[in-house]
Amino acid sequence: MSTTTIPRRAKVLVIGGGGREHAIVDALSRSPRVEKIFCAPGNAGISLQAECVHLEDTQVDELADFAESRGIDLTVVGPEVSLAAGIADEFTSRGLRIFGPSRAAARIESSKDFAKALMAKYDVPTAAYRTFSDYQEALEYVKSGSFPTVLKYDGLAAGKGVVVAENLEQADNALRDMLLDDRFGHGRVVVEEFLSGPEFSLLCFVNGTDVQPMVLAQDHKRAYDGDEGPNTGGMGAYTPLPFITGEDKTYALEHIMKPVAAAMVAEGTPFRGVLYGGLMKTADGIKVIEFNCRFGDPETEVVLPCLKSDIFEIFWAVASDLPIPDAEWSDGAAIGFVLASKGYPGKYAKGVEIKGLANALSDPSVKVYHMGTSLKKFQDGDLHEDFDGRGHSLVTAGGRVLMVLAQAPTLAEAHAKALAAVEKVDCDNLFHRTDIGHWALNE
Ligand code: AMP
Ligand code: GLY
């Protein structure tokens, strides 16, 4: 990296193509220092705010070639797969500035066992656990304990590697999947004590021992209202969280996030990027459920709209190993609803047209971030909506398709505005929850 002088007209590359990356692109587009944004691979919504690049998030060498040839000043990484593939190491070795942790530091997410061992060594509060690679031993251990119990595959499993087993049969099935059938590749299993209490996400910008918290958010993992149905990547999120006090947040920062950042430095793998604490407020204090090495999705979509400071300056400082500037946050509320393809998280159709977004966006407090969309040129003469002004319609292209959110002074107002906007989105193949924020709204 030649100079650490912050540029006035920067070219930024964002890696990824979901709602999280759309929120990052949108936040960057508010920076007066950002002249041009590229996004690889991006999506239909992102293409209105950035130039999409036809590279996948794991094409590390090709992405570095692109950054070199186009004179990119800063690259910001969304997905964990890119980080676990060593994108930050490759960019850094070529002298390219990148926001995101090294592969070694990304193990805090990619290896449950690494994260648990780190927490045990540095006395960070979390559920008691043991790690197994042998099916029989794991089964005996589970039999000797109580239910529910929690089984976690020790590796990236696209959010599907955690099973909360209510009884021995469920635990046995999960252990067979994870240790005998190699469903996610050959690996190990962390068996963990079951904790209960409200879960919340504390995302922090981290550069070594420098830790700057963002506003708190809560995800909703179950597919249907009332927290029923299968686990998903997240069906909605909101901020702030009235049931987490300022004292709770300070505790989490001082006893969890800062000690873990310092531990990573002490272990020789300093963390640079966003450290995501998936935390639970148990009767016995705040404890760690998991760490992620990146922005959360869908939390980012409600958190970043609350950032009043210039996000480019924060990314630049972290990527340049400089002190992180203090960030200013709005104290209002934001609630976002995920519109997902019918059938998700199971099988679902793609390519179904979505209309009405302009209508949903007619309220200036509403934003729509695209999670899984693409453009389609229609030839069949039917009446379609021109999404991009160039004759393309917007179609579904994933399980989670859109995040529709609203910002307002209170959660109740944000909820009503966001839901009104959701109802203006016209697509035959989408469903959504209506009770995002119920933990806070029904208090
Ligand atoms: P993770 O991928 O580790 O976040 O786990 C996914 C979900 O499983 C979490 O959001 C929790 O709802 C649940 N979970 C994970 N670990 C535990 C635990 N020790 N006790 C209770 N629930 C858990
Ligand atoms: N919202 C959970 C995650 O990003 O992993």
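See the structure printed just above.
Definitions and limits used
- Throughout this description, residue numbers start from 1 for each chain and increase along the sequence as written.
- Ligands are numbered from 1 and chains lettered from A, in the order in which they are written.
- Under the rules for a predicted model, residues below a pLDDT of 70 receive no local features and side-chain atom pairs below 80 are neither given nor counted, while totals for whole chains, interfaces and linings still include all residues.
- The side-chain figures draw on all heavy atoms in the structure; neither hydrogens nor water molecules are used.
- If DSSP finds at least two bridges between two strands, the strands pair.
- Numbering of helices and strands runs from the N terminus, with a helix taken as a DSSP run of H or I at least four residues long and a strand as a DSSP run of E at least two residues long.
- Here, axes are lines fitted to C-alpha atoms. For helices the fit covers the stretch in contact, and angles between N-to-C directions go from 0 to 180 degrees.
- Between two residues, a contact is recorded if the distance between any of their heavy atoms is within 4.5 Å.
- Only residues whose relative accessible area exceeds 30% and that form no salt bridge are eligible for patches; like-charged ones are grouped when within 9 Å, while nonpolar side chains (Val, Leu, Ile, Met, Phe, Trp, Tyr) are grouped when within 5 Å.
- For the area figures, the Shrake-Rupley method with a 1.4 Å probe applies, and any residue is considered shielded solely by the protein chains shown.
- Every case where a carboxyl oxygen of Asp or Glu lies within 4 Å of a side-chain nitrogen of Lys or Arg is listed as a salt bridge.
- Throughout this description, buried means an accessible area under 20% of the type-specific maximum (1.4 Å probe, protein chains only), exposed means over 50%, and partly exposed covers the range between.
- Grid points spaced at 1 Å over the protein atoms alone were grouped into cavities, where a 1.4 Å probe fits but cannot get out, and pockets, open sets with protein on both sides within 12 Å along at least five of seven lines, with lining residues defined by an atom within 4 Å of a point.
- Grid points are joined across faces, edges and corners, and a volume is the space filled by probe spheres set on the points.
- All residues other than Ala, Val, Leu, Ile, Met, Phe, Trp, Tyr, Cys, Pro, Asp, Glu, Lys and Arg, Gly among them, are scored as polar; the first ten of these are nonpolar and the last four charged.

(A) Layout of the sheet that holds strand β16 (residues 272-282). Taken in spatial order, the four strands make up an open sheet running β11-β10-β16-β17, and their pairing is antiparallel. On the outer flanks of this sheet lie β11 (210-213) and β17 (285-292), each paired with one strand and no other. The mean angle between the axes of side-by-side strands here comes to 35°, regardless of whether they run parallel or antiparallel. In terms of strand pairing, strand β10 (residues 199-207) meets β16 through nine bridges, oriented antiparallel. The residue of β16 that forms the bridge with leucine 202 is glycine 277. Packing against the sheet, helix α11 (residues 311-319) makes contact with β10 and β16, and its axis sits at approximately 60° to β10.

(B) Looking closely at a nonpolar patch on the surface. A cluster of nonpolar side chains, Val162, Val164 and Phe194, forms an exposed patch at the surface whose accessible area comes to about 220 Å². Position of phenylalanine 194 among the secondary structure elements: in the loop between β9 (189-193) and β10. On the basis of relative accessibility, which here comes to 37%, the residue phenylalanine 194 falls in the partly exposed class.

(C) A look at empty space enclosed by the protein. For the coordinates displayed, the defined rule picks out one cavity of 30 Å³ or more. In this model, the largest cavity occupies a volume close to 60 Å³. Mapped onto the lining of the largest cavity, the elements with two or more residues apiece are α5 (103-110), α6 (112-121) and β17. The biggest single contributor to the lining of the largest cavity is α6, with four residues. For the lining of the largest cavity, a count of residues per class yields five nonpolar, no polar and six charged.

(D) Spotlight on the pattern of salt bridges. All told, the structure shown has 29 salt bridges when counted by the stated rule. When the shortest N-O distance is used, the salt bridge between arginine 294 and glutamate 109 registers 3.1 Å. Taken together, the residues arginine 294 in the loop between β17 and α10 (299-303) and glutamate 109 in helix α5 connect sequence positions 185 residues apart. Relative accessible area serves as the criterion here: at 8%, glutamate 109 is assigned to the buried category. The salt bridge partner of glutamate 192 is lysine 152, with a shortest N-O separation of 3.2 Å. On the criterion of sequence distance, the pair formed by glutamate 192 in strand β9 and lysine 152 in strand β7 (residues 149-153) is long-range, its members being 40 residues apart. Of the two residues, glutamate 192 and lysine 152, both sit in the buried class. Connected through salt bridges with shared partners, the residues Asp65, Glu68, Glu90 and Arg94 form a single ionic network.

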